[in-house]
Amino acid sequence: LHSSKTVLDLGCGAGLLAREAGRRDIVGVDMAPAMVRTAQQWMDIVLLDNILEHYPTERPDIVVLCNVLEPYSTDMRRLLFRHVFEFLKPGGRVIVVTAIGGLGNIGSKTETGLDLVFPTVTDIVVEPNAIEEELMLEGLDRFSAELLETRTVR
């Protein structure tokens, strides 16, 4: 994430992207008040808002969707991609990060309290090729796709 690019992290959670990138200028949006409070440690601007309703005041160069797609159906993901395309800077990039192979109990009521908004996520698998197709159907050209294996350090 080049420092010259404006970055919007939709569903920023605790602000881990900003922390790991060492960039306080990444703008975060999350709908969970506890996540917004935590993210403020790492980000200068964190907004309490629904990612499907947020319209930034400045068009970002990059929009990041990191581990936010898993609870959504195909139709909802496409709606989100369409929404992002409405405010992304021309020539901008969308970075999508999803878990592959299920998420265990991430998103469960005991962890987030959001079961009224999202279904509990258990073994939903979002395939990278489906994401690429959905992005292209909503007007975003695929620049590159890369499958990375990541591990959670506890």
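Structure: above.
Read on for an overview of the structure. (Residues numbered from 1 in each chain as written. Predicted model: local features only at pLDDT ≥ 70, side-chain atom pairs only at ≥ 80, totals over all residues. Heavy atoms only, no water.)

### As for the packing of aromatic side chains
In this description, an aromatic ring pair is defined by two values, namely the gap between the centres and the angle between the planes.
Thought 1: Enumeration over the complete set of coordinates arrives at one aromatic pair.
Thought 2: Residues Y55 and F87 carry aromatic rings whose centres are separated by 6.2 Å and whose planes lie at 75° to one another, so their mutual orientation is edge-to-face. Linking Y55 in the loop between β3 (45-48) and β4 (62-66) with F87 in helix α3 (residues 74-87), this pair joins segments that are 32 residues apart in sequence.
Thought 3: F87 gets classed as buried once you look at its relative accessible area, which sits at 4%.
Thought 4: In this arrangement the basic side chain of R19 is found over the ring face of W42, its NZ or CZ atom lying 5.4 Å from the centre. (Phe/Tyr/Trp six-rings, centres within 6.5 Å; stacked < 30°, edge-to-face > 60°. Helix = DSSP H or I, 4+ residues; strand = E, 2+ residues; numbered from the N terminus. Buried < 20%, exposed > 50% of the residue type's maximum accessible area, 1.4 Å probe, protein only. Lys NZ or Arg CZ within 6 Å of the ring centre and 35° of its normal.)

### With respect to the pairing of strand β1 (residues 7-10)
Thought 1: Here β1 shows two buried faces, one formed by V7 and D9 and the other by L8 and L10.
Thought 2: Relative to β4, β1 runs parallel, the two being bridged by four bridges. Bridge pairing in β4 places V7 opposite I62.
Thought 3: Note that β1 and strand β2 (residues 27-30) share three bridges and pair parallel. (Pairing = 2+ DSSP bridges.)

### Here's the deal with the sheet that holds strand β5 (residues 93-97)
Thought 1: One open sheet holds the five strands; their spatial order is β3-β2-β1-β4-β5, and the pairing between them is parallel. The sheet is open, and its two edges are formed by β3 and β5, each paired on a single side. Between one strand axis and the next, the sheet turns through 20° on average, direction left out of account.
Thought 2: The sheet contacts of α3 involve β1, β4 and β5, and relative to β4 the element is tilted by about 160°. (Axes fitted to C-alpha atoms, helices over the stretch in contact; angles between N-to-C directions. Contact = heavy atoms within 4.5 Å.)

### Digging into the packing of α3 against helix α5 (residues 128-137)
Thought 1: At their nearest, the axes of α3 and α5 sit 9 Å apart, and the two run at 50° to each other. One finds that α3 runs oblique with respect to α5. Crossing of α3 against α5: the hand is right-handed. Within the contact between the two elements, α3 uses T74, R77, R78 and F81 and α5 uses I131, E134, L135 and L137.
Thought 2: Residue composition of the contact of α3 with α5, grouped by class: four nonpolar, one polar and three charged. (Parallel < 35°, antiparallel > 145°, perpendicular 65-115°, else oblique. Left-handed = near helix turned anticlockwise from the far one by under 90°. Nonpolar A, V, L, I, M, F, W, Y, C, P; charged D, E, K, R; others polar.)

Purely geometric stuff here, so don't read any function into it on its own.
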